[in-house]
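Reading the structure
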Amino acid sequence: MKCLNNRAESHLTGQVDSELDGMGNGAWVNRGFCDTPPPLPRVVSTIYNPQPLFHSSMDSMYHLDTPGLIPAEPQSKDQSLTRKRRGCCAFIKGLWGTTLTENTSNNRELFVRTTLRELLVYVVFLVDICLLTYGMTSSSTYYYTKAMTDLFVNTAGESGVKFQSISTMTDFWTYAHGPLLDGLYWTKWYNNEPLESGNHSFIYYENMLLGVPRMRQIKIKNNSCRVHNDFEDEITGCFDVYNEDKEDDLSFGLINGTAWTYYTEKEINGSSHWGLLTTYTGAGYYQDLSRTKEGSAFILIELMNNLWLDRGTRAAFIDFSTYNANINMFCVIRLVAEFPATGGVIPSYQIRTVKLIRYITSWDYFILGCEILFCVFILYYIVEEILELRIHKFSYFNSIWNILDIVIILLAIVAIIFNIFRTIKVDNLLSKLLEQPDIYADFEFLAFWQTQYNNMNAVNLFFAWIKIFKYISFNKTMTQLSSTLGRCAKDILGFAVMFFIVFFAYAQLGYLLFGTEVESFSTFAKCIFTQFRIILGDFDYDAIDRANRVLGPIYFVTYVFFVFFVLLNMFLAIINDTYSEVKEELSSQKDELQFTDIIKQSYMKTFMKLKLKKEKISDVQKALHSGSGEIEFRDFRETLKEMGHADEEISAAFSKFDHDGNKILDKHEQEKMKIELEEKKDALSVEINNLGMNYEKELQEKPPVTSSHSTQMFVNREHFLRLARQVLHLESAVADITSRIELIMEKLELQKNAKGSEGTKLSVINNERNGTVSDGHVLA
């Protein structure tokens with residue numbers, strides 16, 4: 001213990017020394033204070049790589065070797081299984097940890113960090129779903145649709161009739177013989193040279209006509225309505241408005257052929273259509289045209305001459321499909337002519353441009369990878385929602401965000417199932433079409449569901465973007481919208497009742513006053529949307545005035561006054577007042593830990609560690625320059641301890657370069673140490689400049705902070721850094737002392753127990769000896 005008593009600079013002095021002196025030669029001896037510290041098995045120095053003091057290389061010198069009186073029992077199978085289960089649960093908890101699965105109610109920092117992790121994962125999911133959605137469409141879709149619309153809807157024939165101008169059955173046949181056939185069959189170039197396409201027609205020279213077009217009509221039965229008695233002699237037949245129950249299913253005309261025979265929707269694999277007047281079934285009478293223009297013209301003439309369209313016809317459909325290999329797009333076209341019971345024709349059309357063949361180009365295969373990643377995300381979120389539902393039970397559904405999560409997952413599952421179904425269905429349909437090129441290519445069913453699939457993805461993407469508010473709600477600014485809407489919900493609901501009473505009253509008034517003359521008021525549903533448009537300033541006052549010159553202006557003026565000037569401003573006033581209250585409350589609330597605060601803390605910690613690390617290197621350089629010639633370990637240690645360095649750091653730094661172990665650094669070792677320190681210092685300087693250039697400028701340029709108190713304290717940057725370094729050193733020293741005192745107390749406890757056991761044994765032996773002596777005296 002001689003060396004131990006000579007260490008005047010130790011952290012442990014006074015009473016601790018006297019206690020150690022009485023512990024014998026087996027007590028704790030720190031060889032770093034009486035000899036050159038031994039070479040370390042690995043380079044550990046807080047001067048270069050700061051580490052916690054409790055895990056330094058010198059900890060082994062203070063390690064307490066307690067006797068193993070009781071050997072450790074081997075783990076049982078149940079314990080190992082339990083540990084494995086705990087490990088599995090910890091893995092699941094870490095992977096699927098959310099604010100609903102973690103206990104974040106009393107830990108604001110954990111809440112913010114968990115929310116941030118959820119946000120980062122969700123942003124990756126959002127980028128993936130955006131790539132999927134936008135990867136299924138392109139700007140070419142619009143131009144493809146526009147080209148087909150201009151050709152089959154807006155192009156007029158020699159007679160001047162175009163599809164949108166059809167008003168009679170005669171116009172329908174004129175259009176079919178003219179613009180329709182001219183647009184369907186492209187067999188020659190503009191210089192009358194034939195196209196090298198065989199029997200196929202390439203519309204606009206780029207779009208292949210798939211199969212043959214089909215014409216179909218739906219008829220209504222005669223005498224499906226009743227003629228008044230006064231007109232029974234003059235009117236011999238009565239054909240009601242379209243109703244599925246009144247469809248005519250009898251053969252007519254030439255009787256032979258599909259054009260004159262009724263077929264059900266199932267027999268022709270038809271699909272229903274939502275027209276302008278009503279919804280029509282996929283049944284009826286149909287006629288497939290030819291692959292040539294001449295053959296189709298002959299079929300149209302035969303249909304027209306035999307009155308294929310008559311008084312019972314309620315709708316005629318022209319269906320065909322094209323494919324453009326340049327952009328890998330299908331265009332499914334349906335031209336509809338509705339024949340209302342009033343007479344005349346109401347033309348409409350439906351053009352669906354969809355991408356049914358998915359994987360051709362490298363971009364398509366990239367989208368395939370995104371689809372696989374999308375499926376992985378859906379599985380991840382399914383497990384996450386199951387865990388949250390398992391923890392919170394039915395209270396899980398109290399949050400609108402949780403319901404939104406379930407909606408997004410369900411829509412995604414439906415999208416995945418349809419994607420698989422669509423791929424299989426298209427392959428089967430194309431293979432059948434290639435085997436029989438003269439049949440009608442029915443892509444209407446697939447185009448319809450592909451359109452619904454795109455609509456569903458659009459809605460899902462919309463909900464996915466809205467869900468971002470769930471993860472940014474920890475910020476006070478971001479909660480203003482949700483807090484405002486949530487607080488004024490009851491007021492808005494009560495106001496909505498009053499608003500819609502007035503609104504629907506005006507809607508019924510407009511429908512009854514102008515419905516017979518103004519198209520925007522022709523139905524009650526149109527009246528509702530027209531009145532919303534009036535609120536936004538989009539209206540046709542002249543049409544209202546022409547329909548009713550007296551009540552029209554009264555309707556318009558009173559509606560604008562009560563709905564626009566009164567009710568709408570009341571609605572805005574409710575929201576404005578609630579928003580002002582929410583904003584005032586948020587401004588008066590105590591600032592909680594925010595995301596920016598965590599970033600600043602991490603930034604400051606990193607910056608301060610680098611600064612302290614650099615200053616420690618500077619201290620070592622000063623210690624090297626302070627000596628002349630060779631440097632002994634004692635002088636080196638005393639110099640650095642005066643600067644606040646720990647003993648472990650000093651010992652580790654000295655041992656790294658004292659290769660010969662003579663507790664003296666010669667010139668060669670000092671030079672090597674100086675070079676390495678200089679390299680480390682330069683690297684740290686570059687890192688600090690990259691990280692904290694702006695921060696240092698702010699510290700230098702920022703004026704002193706003044707307070708409302710009479711006493712003011714001004715602290716410059718250098719003083720602040722010095723104080724921060726001293727605090728860190730003080731914390732490490734106190735922690736080190738505490739740990740060593742605990743080790744000493746444990747050692748003393750063991751020594752006390754050992755002495756107690758020895759005293760007990762000695763007393764037993766003495767008692768035995770005394771008993772033996774007394775027995776001898778008795779025998780004597």
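Residues numbered from 1 in each chain as written. Predicted model: local features only at pLDDT ≥ 70, side-chain atom pairs only at ≥ 80, totals over all residues. Heavy atoms only, no water.

Turning next to the overall build of the protein. Counting secondary structure elements, the protein contains 21 helices and 10 strands. Per-residue burial over the protein gives 37% buried out of 780 residues. Partitioning the intrachain contacts of the protein with sequence separation of at least 6 by distance along the chain shows that 68% fall at a separation of at least 24. A total accessible area of about 46,000 Å² is found for the protein, and carbon and sulfur atoms account for 59% of it. (Helix = DSSP H or I, 4+ residues; strand = E, 2+ residues; numbered from the N terminus. Buried < 20%, exposed > 50% of the residue type's maximum accessible area, 1.4 Å probe, protein only. Contact = heavy atoms within 4.5 Å. Areas by Shrake-Rupley, 256 points an atom, 1.4 Å probe, with all protein chains shown as cover.)

Turning our attention to the nonpolar core. Counting 41 residues, the largest nonpolar core has Phe152, Phe172, Leu180, Trp308 and Leu335 as the members making the most contacts within it. Elements with a contribution of two residues or more to this core: helix H5 (139-152), helix H6 (169-184), strand S2 (207-219), helix H7 (293-305), strand S6 (313-324) and strand S7 (329-338). Among the elements that make up this core, the one with the highest residue count is H6 (7 residues). Not counting residues up to four positions away in its chain, the partners in contact with Phe172 are Ile166, Met215, Leu309, Ala316, Ile318 and Ala337. (Core = buried A, V, L, I, M, F, W, Y, C linked by side-chain atoms within 4.5 Å.)

What follows concerns the packing of helix H8 (residues 362-392) against helix H9 (residues 400-435). At their nearest, the axes of H8 and H9 sit 10 Å apart, and the two run at 145° to each other. As for the relative orientation of H8 and H9, their crossing is left-handed in sense. Side by side, H8 and H9 meet where Glu371, Phe374, Cys375, Ile378, Tyr381, Ile382, Glu385 and Glu388 of the first sit next to Asn402, Asp405, Ile409, Ala412, Ile413, Ile416 and Asn419 of the second. (Axes fitted to C-alpha atoms, helices over the stretch in contact; angles between N-to-C directions. Left-handed = near helix turned anticlockwise from the far one by under 90°.)

Here we come to the pattern of salt bridges. When the charged atoms of two side chains lie near each other, side chains of opposite charge can form a pair. Per the counting criterion, the structure on display carries 14 salt bridges. Across the salt bridge formed by Arg214 and Asp288, the nearest N and O atoms sit 2.7 Å from each other. Within this pair, whereas Arg214 is found in strand S2, its partner Asp288 is found in strand S5 (residues 285-288), the two being separated by 74 residues in sequence. We note a salt bridge from Asp310 to Lys219, for which the minimum N-O separation is 2.8 Å. Separated by 91 residues along the polypeptide, Asp310 in the loop between H7 and S6 and Lys219 in strand S2 bring together distant segments of the chain. (Salt bridge = Lys/Arg side-chain N within 4 Å of Asp/Glu carboxyl O.)

The residue Arg352 is located in strand S8 (residues 346-354) in this model. At 3.3 Å, the side chain of Arg352 and the side chain of Gln350 are in polar contact. Excluding residues within four positions of it along the chain, Arg352 makes contact with Phe330, Cys331, Val332, Glu444, Ala447, Phe448 and Thr451. (Polar contact = N/O pair within 3.5 Å; in protein donor to acceptor, adjacent residues only side chain to side chain.)

Another aspect to go through is a nonpolar patch on the surface. Together, Met498, Phe561, Phe562, Phe564, Phe565, Val566 and Met570 make up a nonpolar patch on the protein surface, roughly 620 Å² of accessible area in all. Considering every element that reaches the nonpolar patch, the biggest residue donor is helix H16 (residues 551-588), with 6 residues. Here Phe562 lies in helix H16. Given a relative accessible area of 41%, Phe562 falls into the partly exposed group. (Patch = residues over 30% accessible without salt bridge, like charges linked within 9 Å, V, L, I, M, F, W, Y side chains within 5 Å.)

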